[in-house]
Amino acid sequence: MESQDVIIVGAGVIGLNTAYELAKNKFKVSLVDQFLPYRKASWAGAGIIPPGNPNLAANPINWLRAKSSAIFPALSAELLQCTNINNGYSKCGGLELTPFYEESNELGWAKEHIVFERINSLDLKTLNPHLNPRDYKTTYFPEMAQIRNPRHLKALAESCKLLGVRFYNDCKITGIMKKGGRVLGLESETGIFTADQFIITAGPWSADFLKHEGIETQIFPVRGQMLLLQSPLPLKEIILKDKHYIVPRGEGLVLVGSTEEEVGFNGGTTAEGKEHLFKIACDLIPEFSNAKIIEQWSGLRPGSSKSTPLIGKSPASDNLYFATGHFRQGLQTSPATALILKSILMHEELGIDNQYFMKSSEQTEPNKPLFQS
Ligand SMILES: Cc1cc2nc3c(=O)[nH]c(=O)nc-3n(C[C@H](O)[C@H](O)[C@H](O)COP(=O)(O)OP(=O)(O)OC[C@H]3O[C@@H](n4cnc5c(N)ncnc54)[C@H](O)[C@@H]3O)c2cc1C
């Protein structure tokens, strides 16, 4: 195999977006994945993109979401122009429901100048007459957006190919070959990959690579099940309640998500999961009791013992980098994650400490994200 500038392990949304960003900046990139492409967490997700203002983000965690939110419109247009694939990016708006006794993130949203509006029950009847408001405070975010994950992944992959990125599918990386503090190559079932730099974006399968580098953070799979309903209701906004959501996809299709289950690498679905999600959907929108369940699927999120992703250079190698552990936020933070990696490889300033996400879990700043999903 011809030596490359950069080898990326894992063609989920994080690996693909990183490959795209680097290839645009003239790096020769190869992307290796153990499976056939794009059926992992990145494919399974809901594609919710919360709003944000990167210049006012309170900490790097919030910067990651806010910066990505600012990049998505231009990125989507760019991918459309390159590939003719529309990733479905749309500012559909979102309604967040919080129990009355719980504090919402109003102060944080206001500090970041995120546009939001507290909605009383009368206005809610106009905005979404189908929603059962019950005992919740309702906040409206007109700038909340969504994308269609499978289309976004396809558009990224096609753009990468046009930029000369080489894809090796069905190829599992099994080991790291090192000399001193430098990685010489990656071992696979079909041969050795050599390059100047190596990036691990292996999602929930990242644990062995981290262990190899002596990094203590645990990355583990957290299964999320999802339902696709067919319903004639004219819904527009995303509805968020705790860790659950309803995402209208248009054309009478509605996503309902999601469970959080620690069941190892078991990527199946269950009858309980289906029942649970259907009940959540009907509690929020009683008319869904007539909706048809069209499909059920699941994905394995990369959970992190640190509660933040790991992004940056390995402390044990000069030319090995990680971007993993994005848990529930991998899609919405993928463009800024790619930007951090590019800034490190190109020795550029980014306005945030680009090694922040590799530091220990005892971060000094508050890490709470402003949006759950
Ligand atoms: C049901 C559900 C709903 C979600 N909704 C949202 C949402 O609305 N918004 C949001 O931002 N996020 C959401 N997420 C989370 C998001 O999908 C993940 O955080 C994100 O997809 C993680 O991307 P990734 O590229 O790190 O991992 P993955 O998509 O898992 O990709 C990792 C890739 O690495 C490959 N790989 C692993 N090990 C090796 C190896 N040894 N050799 C070669 N290849 C390897 C795997 O085959 C895989 O393709 C959701 C997730 C789920 C499951």
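Residues numbered from 1 in each chain as written. Predicted model: local features only at pLDDT ≥ 70, side-chain atom pairs only at ≥ 80, totals over all residues.

**Description of the pairing of strand β15 (residues 253-257)**
Here comes step 1: With respect to burial, β15 is a largely interior element, four of its five residues being buried.
Here comes step 2: By the bridge criterion, five bridges tie strand β12 (residues 219-230) to β15 in an arrangement that is antiparallel. Counterpart to Leu227 in the pairing with β15 is Val256.
Here comes step 3: Strand direction decides the pairing type here: strand β14 (residues 244-250) and β15, joined by five bridges, are antiparallel. The residue bridging Tyr245 from the neighbouring strand is Gly257, located in β15. (Buried ≥ 20, exposed ≤ 12 C-beta atoms within 10 Å, placed from the backbone. Helix = DSSP H or I, 4+ residues; strand = E, 2+ residues; numbered from the N terminus. Pairing = 2+ DSSP bridges.)

**Side note on the domain arrangement of the protein**
Here comes step 1: Taken as a whole, the protein is organised into domain 1 (4-88 + 148-219 + 305-358) and domain 2 (94-143 + 220-301).
Here comes step 2: One C-alpha centre belongs to domain 1, the other to domain 2; they are set 28 Å apart.
Here comes step 3: Domain 1 puts 21 residues into the contact, and the matching count from domain 2 is 24 residues.
Here comes step 4: Within the residue set of the side of domain 1 that touches domain 2, elements represented by two or more residues are α2 (41-44) and α3 (60-83). (Domains from an automatic or database assignment. Contact = placed C-beta atoms within 7 Å.)

**With respect to the site of the ligand**
Here comes step 1: The environment of the ligand is formed by 42 residues, the closest being Gly10, Gly12, Gly203, Gly299 and Gly330.
Here comes step 2: Those elements that place two or more of their residues in the shell around the ligand are α1 (13-24), α2, β12 and β16 (292-304).
Here comes step 3: Here the shell around the ligand is built from residues that sort into 18 nonpolar, 19 polar and five charged.
Here comes step 4: Formed jointly, the shell around the ligand draws a minimum of three residues from each of two domains, domain 1 (4-88 + 148-219 + 305-358) and domain 2 (94-143 + 220-301). (Near = placed C-beta within 6 Å. Nonpolar A, V, L, I, M, F, W, Y, C, P; charged D, E, K, R; others polar.)

**Digging into the nonpolar core**
Here comes step 1: One finds Ala19, Ile246 and Val256 to be the most contacted residues of the largest nonpolar core, which totals 96 residues.
Here comes step 2: Residue contributions to this core reach at least three from each of two domains, namely domain 1 (4-88 + 148-219 + 305-358) and domain 2 (94-143 + 220-301).
Here comes step 3: Apart from the residues lying within four places of it in its own chain, the contact partners of Val256 are Met226, Leu227, Leu229, Ile246, Leu277, Ile280 and Ala281. (Core = buried A, V, L, I, M, F, W, Y, C linked by C-beta atoms within 7 Å.)

**So, the pairing of strand β1 (residues 4-9)**
A regular strand places its side chains on the two faces of the sheet in alternate fashion.
Here comes step 1: β1 sits mainly inside the fold: five of its six residues count as buried.
Here comes step 2: Note: β1 against strand β11 (residues 191-200), five bridges, orientation parallel. Counted as the bridge partner of Ile7 is Phe198 from β11.
Here comes step 3: Judged from the four bridges that link them, β1 and strand β2 (residues 29-32) form a sheet pairing that is parallel. Counted as the bridge partner of Ile7 is Ser30 from β2.

**Considerations on the sheet that holds β16**
Here comes step 1: An order of β5-β6-β4-β13-β14-β15-β12-β16 is seen for the eight strands of this open sheet, with the pairing classed as mixed. Unpaired on one side and paired on the other, β5 (117-119) and β16 mark the two borders of the sheet. Adjacent strand axes in the sheet meet at a mean angle of 25°, parallel and antiparallel pairs treated alike.
Here comes step 2: Docked against the sheet, helix α8 (residues 271-284) engages β12, β13 (238-241), β14, β15 and β16, running at close to 55° with respect to β12. (Axes fitted to C-alpha atoms, helices over the stretch in contact; angles between N-to-C directions.)

**Focus on unusual backbone geometry**
Here comes step 1: Omega for the bond connecting Gly257 with Ser258 falls within 30 degrees of zero, at -20°, which places this linkage in the cis form.
Here comes step 2: Mapped onto the elements of the fold, Ser258 is located in the loop between β15 and α8.
Here comes step 3: Phi is positive for Asp242, which is not a glycine, with a value near 50°.
Here comes step 4: By secondary structure assignment, the location of Asp242 is in the loop between β13 and β14.
Here comes step 5: Taking the number of C-beta atoms within 10 Å as the measure of exposure, Asp242 has 13 and is therefore partly exposed.
Here comes step 6: The backbone phi angle of Glu251 is positive, close to 50°, even though this residue is not glycine.

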